Amino acid sequence: MRNIRIALTKGRLEHKTVDLLEALGYDVSVLRNKGRKLILEIPGTNIEVVLAKAADVITYVEHGVCDIGIVGKDTIMEHGGSFFEVADLGFGRCRFALAVKKGTDFYSGYSEKTIATKYPQISRRYFAAKSMDVRIIKIEGSVELAPLLELSDGIVDIVETGTTLRENGLEVQEEVADVSARLIVNPASLKIRKKELQPLIDSIQQAAHQ
Ligand code: PRP
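Nothing here was measured: the structure is a model prediction, and the numbers come from that model. (Residues numbered from 1 in each chain as written. Predicted model: local features only at pLDDT ≥ 70, side-chain atom pairs only at ≥ 80, totals over all residues. Heavy atoms only, no water.)

Observations regarding the overall build of the chain
Step number 1: Within the chain, the secondary structure is distributed over nine helices and eleven strands.
Step number 2: With the C-alpha coordinates of the chain rotated into their principal frame, the extents come out at 60 × 30 × 30 Å.
Step number 3: Per-residue burial for the chain yields a buried fraction of 46% across its 210 residues.
Step number 4: Long-range pairs, those at least 24 residues apart, make up 66% of the contacts in the chain with a sequence separation of at least 6.
Step number 5: Total accessible area on the chain stands at roughly 11,000 Å², and carbon and sulfur atoms take up 49% of it. (Helix = DSSP H or I, 4+ residues; strand = E, 2+ residues; numbered from the N terminus. Buried < 20%, exposed > 50% of the residue type's maximum accessible area, 1.4 Å probe, protein only. Contact = heavy atoms within 4.5 Å. Areas by Shrake-Rupley, 256 points an atom, 1.4 Å probe, with all protein chains shown as cover.)

Put into structure tokens, the structure is as follows:
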């Protein structure tokens, strides 16, 4: 049988996840000195870590080529998918917010509003729940540019420290949802390799909340 595979989101969540694996007693030196390598075996175990972009973590877990994954709730909310979300790991905390240029009100006036976002599904659902028609423009990164360039009236984006908004003359108008890192599992893997996976899931969950 192949190694147990953990898909790990590169970037923001990576550092904290590696710390968590270290706290579990694993030798994470390969993860700390990974260079450009994308699949890293944890020495002395049958576990390998797969480094991927957030949305791809979901894809690999959904398709069962990775057994478990660590990914932000933001990506889960945007993409959905068929997997079990088994734990809130408590780190990578930030929030989804509707933000606008300082001193402006997204809801003022009668004209149709435009939102720029990396998260079109979440934005669509959010405004649909308010029965509000909003034009949504997908942006790939640094969404804060859109209102500054007057492409949009506001953005729906993740806010962590608030620095990016502040330094660009934007502010939160309202909060949309809380976000944090989640542990996801492929349902078939959990069934077939329960003996190996359940203790690993339990220990990750425990270590995350210590
Ligand atoms: C995220 C988000 C904001 C910023 C918020 O972007 O889209 O731009 O971080 O963080 P802050 O509140 O601590 O300033 P990310 O760094 O992931 O880059 P990207 O927009 O280029 O994808």
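Additional details are given in the paragraphs that follow.
Considerations on the pairing of strand β11 (residues 181–185)
Step number 1: For β11, a buried count of five out of five residues is recorded, marking the element as mostly surrounded by other parts of the structure.
Step number 2: Residues Ala181, Leu183 and Val185 point to one face of β11 and Arg182 and Ile184 to the other, with burial holding for every one of them.
Step number 3: One ladder, built from five bridges, connects strand β4 (residues 68–72) with β11; its direction is antiparallel. Each residue of the ladder has a partner; that of isoleucine 70, found in β11, is leucine 183. (Pairing = 2+ DSSP bridges.)

Quick word on the sheet that holds strand β5 (residues 84–88)
Step number 1: Spatially, the six strands line up as an open sheet ordered β2-β3-β1-β4-β11-β5, and their pairing is mixed. Each edge of the open sheet carries a strand with a single partner, namely β2 (39–41) and β5. On average, adjacent strands in this sheet sit at an angle of 25 degrees to one another, irrespective of strand direction.
Step number 2: Against the sheet, helix α3 (residues 54–62) makes contact with β1 (4–9), β3 (47–52), β4 and β11, and its axis sits at roughly 150 degrees relative to β4, the strand it touches most. (Axes fitted to C-alpha atoms, helices over the stretch in contact; angles between N-to-C directions.)

Concerning a nonpolar patch on the surface
Step number 1: A surface patch of nonpolar side chains, about 290 Å² in accessible area, is lined by Leu145, Leu148 and Leu149.
Step number 2: With respect to the helices, strands and loops of the structure, leucine 149 is situated in the loop between α6 (145–148) and β9 (154–159). (Patch = residues over 30% accessible without salt bridge, like charges linked within 9 Å, V, L, I, M, F, W, Y side chains within 5 Å. Salt bridge = Lys/Arg side-chain N within 4 Å of Asp/Glu carboxyl O.)

Some thoughts on unusual backbone geometry
Step number 1: With a phi angle near 45 degrees, serine 142 is a residue other than glycine that sits in the positive phi range.
Step number 2: Relative to the assigned elements, serine 142 resides in the loop between β8 (134–138) and α6.
Step number 3: Residue serine 142 is classed as partly exposed on the basis of its relative accessible area, which comes to 49%.
Step number 4: One non-glycine residue, glutamate 150, adopts positive backbone phi at about 65 degrees.

Side note on the site of the ligand
Step number 1: What surrounds the ligand is a group of 13 residues, the closest being Arg12, Glu144, Asp157, Thr161 and Thr164.
Step number 2: Between the ligand and the protein, one listed contact pairs an oxygen atom with a backbone N or O atom of glutamate 160 at 2.8 Å.
Step number 3: A distance of 2.7 Å separates an oxygen atom of the ligand from a polar atom in the backbone of glycine 162.
Step number 4: Protein chains bury 72% of the 500 Å² of accessible surface belonging to the ligand in isolation.
Step number 5: Elements with a minimum of two residues in the shell around the ligand: β9 and α7 (163–167).
Step number 6: Considered class by class, the residues forming the shell around the ligand number two nonpolar, six polar and five charged. (Near = heavy atom within 4 Å. Polar contact = N/O pair within 3.5 Å; in protein donor to acceptor, adjacent residues only side chain to side chain. Nonpolar A, V, L, I, M, F, W, Y, C, P; charged D, E, K, R; others polar.)

Comments concerning the pattern of salt bridges
Step number 1: Per the stated rule, a full pass over the model turns up 14 salt bridges.
Step number 2: When the shortest N-O distance is used, the salt bridge between glutamate 85 and lysine 73 registers 2.9 Å. In this pair, glutamate 85 sits in strand β5 while lysine 73 sits in helix α4 (residues 73–79), placing the two residues twelve residues apart along the sequence.
Step number 3: Relative accessible area serves as the criterion here: at 34%, glutamate 85 is assigned to the partly exposed category.
Step number 4: Among the charged side chains, a network of salt bridges with common partners joins Lys73, Glu85, Asp88 and Arg182.

Focus: helix α9 (residues 194–208)
Step number 1: Look at α9: 20 Å from first C-alpha to last across 15 residues, which is about the 21 Å you get at 1.5 Å a residue.
Step number 2: Along α9, the residues classified as buried are Leu197, Leu200, Ile201, Ile204, Ala207 and Ala208. When α9 is viewed along its axis, its buried side chains cluster within an angular range of 135 degrees and face the same direction. With respect to the buried face of α9, the exposed residues turned more than 90 degrees away are Lys195 and Gln206. (Expected span 1.5 Å × (residues − 1). Arc of directions from axis to C-beta.)

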